[in-house]
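Each chain is listed here by its residues.
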Amino acid sequence: MSGGHFEYQDFTLKNVMFGYGDTWSNVMEDREVSELAWDLLNLIHDYDWYASGDTCKETYLKAKTEFKRKWFGGNRGVRVRRIVDDAIAEAKAELYETFGLGVDNEQ
């Protein structure tokens, strides 16, 4: 019941790679690989808590199913388009902020 089946190494690696935030960042200079690493570390953490008795097996199985659906199921093209669209939206927001423009500001 410690949450430390892997001696917190999954948590440590995630924090070293991505910092202490709640979202992934492009730390591997490849948005798809960075997001995959983030999601895999989250899945390992879910297993860690299950294996140490902090959560139930169903919680881990649900997380594993969601991970597999995202990364192994469906159409890769849809996922890649989402990554591209998100990157463009982030770049647009950053540039608007840099130049003091609001999203709706046409100046």
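Here, every reference points to the structure presented above.
A brief look at the structure comes next. (Residues numbered from 1 in each chain as written. Predicted model: local features only at pLDDT ≥ 70, side-chain atom pairs only at ≥ 80, totals over all residues. Heavy atoms only, no water.)

### A word on helix α2 (residues 31–51)
Spelled out, the test is: A run of H or I in DSSP counts as a helix once it spans at least four residues, and a run of E counts as a strand once it spans at least two, with each numbered from the N terminus. Take the number of residues in a helix, subtract one, and multiply by 1.5 Å to get its expected span. Only protein chains enter the calculation, and the probe is 1.4 Å; a residue is then buried if its accessible area is under 20% of its type maximum, exposed if over 50%, and partly exposed in between. Contacts are residue-level and defined by heavy atoms, with any inter-residue pair within 4.5 Å sufficient. Polar contacts here mean pairs of N or O atoms no more than 3.5 Å apart (in protein, one a potential hydrogen donor and the other a potential acceptor; neighbouring residues in sequence count only if both atoms are side-chain atoms).
The first and last C-alpha atoms of α2 sit 30 Å apart over 21 residues, in line with the 30 Å expected at 1.5 Å per residue. Buried within α2 are the following residues: Glu32, Ser34, Glu35, Ala37, Trp38, Asp39, Leu41, Leu43 and Asp48. The elements touched by buried residues of α2 are α1 (9–18), α3 (57–72) and α4 (76–98). The distance from a side-chain oxygen at the start of α2 to the backbone nitrogen of Glu32 is 3.1 Å, and the residue carrying that oxygen is Asp30.

### Let's talk about α4
Three or four residues apart is the spacing at which side chains of an α-helix point the same way, because the helix has 3.6 residues per turn. The end-to-end C-alpha distance of α4 is 33 Å, a good match for the 33 Å that 23 residues give at a rise of 1.5 Å each. With a side-chain oxygen lying 2.7 Å from the backbone nitrogen of Gly77, the N-terminal cap of α4 falls on Asn75. Note on α4: the residue one or two positions beyond its end, Gly100, has a positive phi of about 70°.

### Some points on the side chain of Asp10
Formally: Residues scored as positive are Lys and Arg, those scored as negative are Asp and Glu, and His as well as the terminal groups of each chain are ignored. Whenever a carboxyl oxygen of Asp or Glu lies within 4 Å of a side-chain nitrogen of Lys or Arg, that contact is scored as a salt bridge.
Within the secondary structure layout, Asp10 lies in helix α1. No salt bridge is formed by the buried Asp10. Its closest oppositely charged neighbour is Lys14, at 8.0 Å. A polar side-chain atom of Asp10 sits 2.8 Å from a polar atom in the side chain of His45. When residues no more than four places from it in sequence are discounted, the contact partners of Asp10 are Leu41, Ile44, His45 and Asp48.

By themselves, these figures tell us nothing about what the structure is for.
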